[in-house]
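The chain contents come next:
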Amino acid sequence: GKCVNAFCAVRPPGHHAGRELHPMNAVSNGFCLLNAAASAALYAVSPRSQGGLGLRRVCVIDIDVHHGNGTQDILCSTHDPRFMYVSTHAGGPHINGYEDDKADDSFRRGHYMNKNEGIFPGRCGDTSPNPGVLNIPLGKKVTPSALGTALVCKVTPAVEAFNPELIIISAGFDAHINDPLGMGGLSAEDFGTVTKVICQVAAKSCSGRVLSILEGGYGVPCCRPIPKDLFLPKGTNDKESAPQPRLLNLGHDLPESMEDNVDPALAKKLDKCHQEGFLECVREHVKNLASHSKV
């Protein structure tokens, strides 16, 4: 009872996981196994007699760069007045897949799919099939201006009209400008602003109640090579003035014999995340949640 919102750093992400494998004709489950956002929404509207919260209306706002086909499949395959699903994502009827067959960036090409099939997970986010769904495709790249306009002109009035008793954020950060997919132009500060806007909507409709669940985001600064002389005393080599890499403690679960080779093109993209990336986005998101967390 001391706060009205929470952030759940769950892994793996879940918004591509539906009632069955490959929901809405997607080619894969996009790293997703269990849809935490949809599960939370179903729990929230379940009667208290069945162990739920007994809420009447829950809105899921998905800010991942991909459409959350799994969440839409579970909650809004047909119109259910208890749920509203909102998604801002890269794509649209006029956007084709990744067309450059000569590109060596297989990671990015795999997410853009094939020509005429749209951006992953496909064409399912191009339109809104019923009154409980508001899909807002923002083109080939999610930019600050496009996302800001969508939040102010479409998302805010629609959510306020729905008047939810809880807002769940599917918090994906792969629309960041340094994310290796290259489908976004947002900064960490932009994600903080998005969070602030959603919290302001929640303050009007549901006493500020927001549950944020981590979804996509691949810009983790972990691919810089570790210098062999990293722990030598200063002055023992000519690279003394070189900036030290930011390292993550990834634990000791991987066998020593396992190789973790990174494609050079992908490594170059991930290296940008030492400037700003996934971790900074999460920090700004949580900071803005916390600023609106007091009852």
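Residues numbered from 1 in each chain as written. Predicted model: local features only at pLDDT ≥ 70, side-chain atom pairs only at ≥ 80, totals over all residues. Heavy atoms only, no water.

Right, let's get into the pairing of strand β2 (residues 58-62). The element β2 is extensively covered by neighbouring structure, given that five of its five residues are classed as buried. Side-chain alternation along β2 places Val 58, Val 60 and Asp 62 on one buried face and Cys 59 and Ile 61 on a second face that is also buried. The pairing of β2 with strand β3 (residues 83-89) spans five bridges and is classified as parallel. Looking at the pairing, Asp 62 lines up with Ser 87 of β3. Following the backbone out of β2, through helix α2 (residues 69-76) and into the adjacent parallel β3, one traces a crossover that is right-handed. Summarising the sheet, β2 and strand β5 (residues 166-171) pair through five bridges and their orientation is parallel. Its bridge partner being in β5, Val 58 is matched across the sheet by Leu 166. (Buried < 20%, exposed > 50% of the residue type's maximum accessible area, 1.4 Å probe, protein only. Helix = DSSP H or I, 4+ residues; strand = E, 2+ residues; numbered from the N terminus. Pairing = 2+ DSSP bridges. Right-handed = clockwise from strand over helix to strand, strands pointing away.)

Here we come to the packing of aromatic side chains. Taken as a whole, this structure holds two aromatic pairs when the rule is applied. Seen from their ring centres, Phe 173 and Phe 191 are 5.1 Å apart, and the 70 degrees between their planes marks the pair as edge-to-face. Separated by 18 residues along the polypeptide, Phe 173 in the loop between β5 and α5 (188-205) and Phe 191 in helix α5 bring together distant segments of the chain. Each member of the pair, Phe 173 as well as Phe 191, is classed as buried. Aromatic side chains Phe 173 and Phe 278 sit 6.2 Å apart centroid to centroid with 75 degrees between the ring planes, which places their arrangement in the edge-to-face category. Taken together, the positions of Phe 173 in the loop between β5 and α5 and Phe 278 in helix α7 (residues 278-291) put the pair 105 residues apart, joining distant regions of the chain. The pair Phe 173 / Phe 278 is uniform in exposure class, with both members buried. Of the aromatic side chains, those joined through ring pairs into one cluster are Phe 173, Phe 191 and Phe 278. (Phe/Tyr/Trp six-rings, centres within 6.5 Å; stacked < 30°, edge-to-face > 60°.)

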